[in-house]
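A structural walkthrough
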Amino acid sequence: LQEMIGDILATRTVFERWMKCYPNEQAWLTYIKFEQRCGRTDAARKLYERMIQQIPEASVALSRSSHLGHVKYAKWEERQGNKANCRKVFERSLTELSPENVEEDLWERAKPLTRRYLEFAKFEIRCQEYERARAIFRYGLKQTKQHDTL
């Protein structure tokens, strides 16, 4: 409502209050889209960072939905034309969300997180970085097989 009447500062204040309640991913994405409508790309980027820090990916995956904050953030960076940041987000996801950093009992239900390997490799293919894509595919297969044998 505040946005509809043009009170951008009040709208931002409402969103910030909402974010203090540890909302789900959709709430964060709504706030991000608001900042994009306001032409504030850097603010949207900071919100993506806050979102992936605040929402644990494993617990999101347990909801059996395809919510992958890192992948959404990386794809957003690619749409912004920022390939370097896109690559950094994907690379961070490989370390921050590695099987070693996900509790053992959660790993089975969190396997959809392996989709990030595929998305990262597809990004590299779109950038015509075929050797990088091969390396990411190999790494993803190795990580998945390695954890499955434990």
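Attention in this report is confined to the structure presented alongside it. Position labels on residues start from 1 in each chain and follow its written sequence. The predicted origin of the model limits local features to residues at a pLDDT of at least 70 and limits the giving and counting of side-chain atom pairs to 80 or more, whereas totals for whole chains, interfaces and linings rest on all residues. Heavy atoms from the whole structure form the basis of all side-chain values; hydrogens and water molecules are not counted.

**Re the packing of helix 6 (residues 83–96) against helix 8 (residues 115–126)**
The axes used here are C-alpha line fits, helices contributing only the stretch in contact, and every angle between their N-to-C directions lies in the interval 0 to 180 degrees. The helix count covers DSSP runs of H or I at least four residues long, the strand count covers runs of E at least two residues long, and both are numbered beginning at the N terminus. Put simply, helix 6 and helix 8 touch, their axes get as near as 10 Å, and they point 155° apart. Judged by the angle between their axes, helix 6 and helix 8 are roughly antiparallel. Seen along the crossing, helix 6 lies across helix 8 with a hand that is left-handed. Here Lys83, Cys86, Arg87, Phe90, Glu91, Ser93 and Leu94 of helix 6 lie close against helix 8, whose contacting residues are Arg116, Tyr117, Glu119, Phe120, Phe123 and Glu124. Classifying every residue of the contact of helix 6 with helix 8 gives 6 nonpolar, 1 polar and 6 charged. Should an angle fall under 35 degrees it is taken as roughly parallel, and over 145 as roughly antiparallel, whereas 65 to 115 is taken as roughly perpendicular and any remaining angle as oblique. For any helix crossing, the convention is left-handed if the near helix is rotated counterclockwise from the far helix by under a right angle, and right-handed if that rotation is clockwise. Whether two residues are in contact is decided by their heavy atoms: any pair within 4.5 Å suffices. Three residue categories are used. Nonpolar comprises Ala, Val, Leu, Ile, Met, Phe, Trp, Tyr, Cys and Pro, charged comprises Asp, Glu, Lys and Arg, and polar comprises the others, including Gly.

**Re unusual backbone geometry**
At Gln128, a position not held by glycine, the phi torsion is positive, near 60°. Assignment of secondary structure puts Gln128 in the loop between helix 8 and helix 9 (130–148). Residue Gln128 is classed as exposed on the basis of its relative accessible area of 59%. The rule is simple: take the accessible area with a 1.4 Å probe, protein chains only, and divide by the maximum for that residue type; under 20% is buried, over 50% is exposed, in between is partly exposed.

**A short note on the packing of aromatic side chains**
Any two rings among Phe, Tyr and Trp, with Trp reduced to its six-membered ring, count as a pair given centres within 6.5 Å; such a pair is stacked if its planes are under 30 degrees apart, edge-to-face if over 60, and tilted if neither. This structure, assessed with the given rule, holds 9 aromatic pairs. Centre to centre, the rings of Phe15 and Tyr31 are 4.6 Å apart; their planes meet at 5°, and the pair counts as stacked. Of the two residues, Phe15 is situated in helix 1 (residues 8–19) and Tyr31 in helix 2 (residues 25–37); the sequence distance between them amounts to 16 residues. By relative accessible area, Phe15 is classed as buried at 9%. Owing to a relative accessible area of 2%, Tyr31 belongs among the buried residues under this scheme. Each ring, one from Tyr48 and one from Trp76, has its centre 5.2 Å from the other, and the planes form 40°; the classification is tilted. In this pair, Tyr48 sits in helix 3 (residues 41–54) while Trp76 sits in helix 5 (residues 69–79), placing the two residues 28 residues apart along the sequence. Trp76 carries the same exposure label as Tyr48, and that label is buried.

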